Amino acid sequence: RGALGETAAFLSGGRDMDLLGTPLPMSTNWLLVKLKGRGARPAGVKYLQIHDAVFACLTGLYHSHPSGQISLVDQRTGVYSAEVLDFAGVDRAALPLLADGPPQPLKAEWAKASGLPPATRVYPGLADMSAAFGGLDLAEGEGFSLANTSEIMGFFADAPPTPPPARLVSAPVDRK
């Protein structure tokens, strides 16, 4: 329970923008809050979100997309924030590799079990929200409303607004 308050204080005063490149509205759903509240960490453990675990099962690789790790990654650089990981007490080796493409081949046993073609490719870190963004194929200025894990409303822009509106989470979406 204390992790939410600690995280709010850690990211206050614009530190979320400094460390992550996006305002991070306080929520108990952020991976950072969960990792901060976890306590002792056994050696050799991998911390995966659901989309990362699915990707690992389907490909055998521990990869994620920077937008799938929004509370841990500087969204301007696509790199885990060392200061955020230090705050959470998480070793970088315990997190998936950040990969912004190319898609990886589906393991043969999953292709056979699912009936998917053997040439099927899997993209890392496409959680429900990220996958929905990819499927929307929005043009500059178009809006959207997604009802997934949480209600999300927003707009697509080729460049982030300067300054960003309060409570707007910004993440890059690859158009490949």
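Because the structure is predicted, anything quoted here is derived from the model rather than measured.

Thresholds applied
- Residues numbered from 1 in each chain as written.
- Predicted model: local features only at pLDDT ≥ 70, side-chain atom pairs only at ≥ 80, totals over all residues.
- Heavy atoms only, no water.
- Helix = DSSP H or I, 4+ residues; strand = E, 2+ residues; numbered from the N terminus.
- Areas by Shrake-Rupley, 256 points an atom, 1.4 Å probe, with all protein chains shown as cover.
- Axes fitted to C-alpha atoms, helices over the stretch in contact; angles between N-to-C directions.
- Parallel < 35°, antiparallel > 145°, perpendicular 65-115°, else oblique.
- Left-handed = near helix turned anticlockwise from the far one by under 90°.
- Contact = heavy atoms within 4.5 Å.
- pLDDT = per-residue confidence, 0-100.
- Salt bridge = Lys/Arg side-chain N within 4 Å of Asp/Glu carboxyl O.
- Core = buried A, V, L, I, M, F, W, Y, C linked by side-chain atoms within 4.5 Å.
- Buried < 20%, exposed > 50% of the residue type's maximum accessible area, 1.4 Å probe, protein only.
- Phe/Tyr/Trp six-rings, centres within 6.5 Å; stacked < 30°, edge-to-face > 60°.
- Polar contact = N/O pair within 3.5 Å; in protein donor to acceptor, adjacent residues only side chain to side chain.

Caption draft 1: Representation of the overall build of the protein within the structure. When its secondary structure is counted, the protein shows seven helices and eight strands. Of the roughly 10000 Å² of accessible surface on the protein, a fraction of 59% belongs to carbon and sulfur atoms.

Caption draft 2: Inspection of the packing of helix α1 (residues 2-11) against helix α3 (residues 31-38) at higher detail. Two numbers describe how α1 lies on α3: the axes approach to 9 Å, and their chain directions differ by 120 degrees. Considered as vectors, α1 and α3 are oriented oblique to each other. Viewed along their axes, α1 and α3 form a crossing whose handedness is right-handed. Counted together, A3, L4, E6, T7 and L11 of α1 and L32, V33, K36 and G37 of α3 form the full contact between these two elements.

Caption draft 3: Spotlight on the confidence of the model for the protein. Of the residues in the protein, 72% have a pLDDT of 70 or more, and the chain-wide mean is 80. Across the protein, the secondary-structure element scoring lowest on mean pLDDT is strand β8 (residues 151-155), at 59, and the one scoring highest is helix α5 (residues 82-88), at 95.

Caption draft 4: Quick look at the pattern of salt bridges. Under the criterion given, the structure shown has four salt bridges. A salt bridge links R15 to E83, with the nearest nitrogen and oxygen atoms 2.1 Å apart. Remark: E83 occurs in helix α5 and R15 occurs in helix α2 (residues 15-20); sequence separation between them is 68 residues.

Caption draft 5: Spotlight on the side chain of S81. If you trace the backbone, S81 turns up in the loop between β3 (79-80) and α5. With residues up to four places along the chain from it excluded, the contact list for S81 reads L19, L20, L72, V73 and D74.

Caption draft 6: Molecular detail of the environment of L32. Position of L32 among the secondary structure elements: in helix α3. In sequence terms L32 and L4 are 28 residues apart; their C-alpha atoms lie 9.2 Å from each other. Apart from residues lying up to four places away in sequence, L32 is in contact with T7, L11, S71, L72, V84, F87 and A88.

Caption draft 7: Quick look at the environment of G44. Locating G44 in the fold gives a position in the loop between α3 and α4 (50-59). Along the backbone, G44 and D91 are 47 residues apart, and their C-alpha atoms lie at a distance of 9.9 Å.

Caption draft 8: Layout of the nonpolar core. L32, L35, L72, Y80, V84 and L95 are the most contacted members of the largest nonpolar core, which totals 24 residues. Counting only elements with at least two residues in this core, the list comes to α1, α2, α3 and α5. Each residue touching Y80, except ones within four places of it in the same chain, is listed here: Q69, L72, V73, L85, R92, L95, P96 and L98.

Caption draft 9: The arrangement of the packing of aromatic side chains in detail. For the structure on display, the rule yields one aromatic pair. Note on F10 and F87: the rings are 3.9 Å apart at their centroids and 5 degrees apart in plane angle, and the pair reads as stacked. Taken together, the positions of F10 in helix α1 and F87 in helix α5 put the pair 77 residues apart, joining distant regions of the chain. For the residue pair F10 and F87, the accessibility class agrees, reading buried in each case.

Caption draft 10: Spotlight on α3. The set of residues buried in α3 consists of L31, L32, V33 and L35. Packed against the buried residues of α3 are α1 and α5. Where α3 ends, the next residue or the one after it, G39, has phi of about 90 degrees, a positive value.

Caption draft 11: Looking closely at the side chain of Q75. Here Q75 is to be found in the loop between β2 (73-74) and β3. Engagement of the side chain of Q75 in a polar contact is seen with the backbone oxygen of P66, the distance being 3.0 Å.

Caption draft 12: Representation of the environment of Q49 in the model. Along the chain, Q49 falls in the loop between α3 and α4. C-alpha separation for the pair Q49 and P96, spaced 47 residues apart in sequence, amounts to 9.4 Å. Every residue in contact with Q49, bar those within four places of it in the chain, is listed here: L31, G68 and Q69.

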